[in-house]
Amino acid sequence: MIPFENENLRAYTLLLRIEIVLRECLRSSFETEIGVDWQKRLPRPFLKKIKESQTEESRPQFNFVRLGPLYYLTFGELLTLLQQKSGRVVADKLGGDCILKQLENVSSLRNAVCHSRPVSSVGLKTIETLYAEMETALTAEELARLIAKPDTGLAQAQAQA
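One structure accompanies this document, and this report is about it. Bear in mind the structure is a predicted one, so any value in this text is a computation, not a measurement. (Residues numbered from 1 in each chain as written. Predicted model: local features only at pLDDT ≥ 70, side-chain atom pairs only at ≥ 80, totals over all residues. Heavy atoms only, no water.)

1. Regarding the environment of W38
- You can see W38 is positioned in the loop between α1 (5-33) and α2 (44-56).
- For the pair W38 and R27, spaced 11 residues apart in the sequence, the C-alpha separation amounts to 8.3 Å.
- Leave out the neighbours within four places in its chain, and W38 touches R27, F30, E31, P69 and L70. (Helix = DSSP H or I, 4+ residues; strand = E, 2+ residues; numbered from the N terminus. Contact = heavy atoms within 4.5 Å.)

2. Some thoughts on the environment of D37
- Its place among the elements puts D37 in the loop between α1 and α2.
- Linking D37 and T136, residues 99 residues apart in sequence, is a C-alpha distance of 30 Å.

3. Considerations on the pattern of salt bridges
- For the coordinates displayed, the defined rule picks out 11 salt bridges.
- Taking the shortest distance from any N to any O, the salt bridge between R27 and D151 comes out at 3.9 Å. Of this pair, R27 sits in helix α1 while D151 sits in the loop between α7 (140-148) and β2 (154-155), and the two are 124 residues apart along the sequence.
- Residue class for D151 comes out partly exposed when judged on its relative accessible area of 25%.
- In this structure, E52 engages K48 in a salt bridge whose closest nitrogen and oxygen atoms are separated by 3.8 Å. (Salt bridge = Lys/Arg side-chain N within 4 Å of Asp/Glu carboxyl O. Buried < 20%, exposed > 50% of the residue type's maximum accessible area, 1.4 Å probe, protein only.)

4. Some thoughts on α2
- Compared with an ideal rise of 1.5 Å per residue, which puts 13 residues at 18 Å, α2 spans 18 Å between its outermost C-alpha atoms and is within 8% of the ideal.
- Where α2 is concerned, the buried positions are F46, I50, S53 and Q54. Axial view of α2: buried residues confined to an arc of 100°, hence all on one face. Projecting away from the buried face of α2 at angles above 90 degrees are the exposed residues R44, P45, K48, K51, T55 and E56.
- Packing partners of the buried residues in α2 comprise β1 (65-66) and α3 (75-83). (Expected span 1.5 Å × (residues − 1). Arc of directions from axis to C-beta.)

This is the structure we're talking about:
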């Protein structure tokens, strides 16, 4: 066992959930505010990146699924969306400027965990606190609902049918 494996597994699990919740909240908000074609209203650099990533993943031999558009964006790009007018509704629902600062704060922790560096006990507590605050803002039921059905897409065979 890796010396810091248990701490990193806990941190990674919560960070994964945090990112899914951000993506799903943004998607829901955009659908409500803009409609079914909300993706077309994303900033042009994000649209370009999404299209390129979708094209690159078009490899039937790997059985990749076509993800929802927001799943092609990095954590930093999600934060950028949350800070813009269209994403501000979600940021405000989660706790406004306070939650944005906390998300920025966990960004370096996220990168450490995702690149096989140990998370400190303080870092893990920071991630746990952020997750708990998001759960409080959304309710445990809403958070569970968002995590249960992420927009992780269709298998290529389903998408082509």
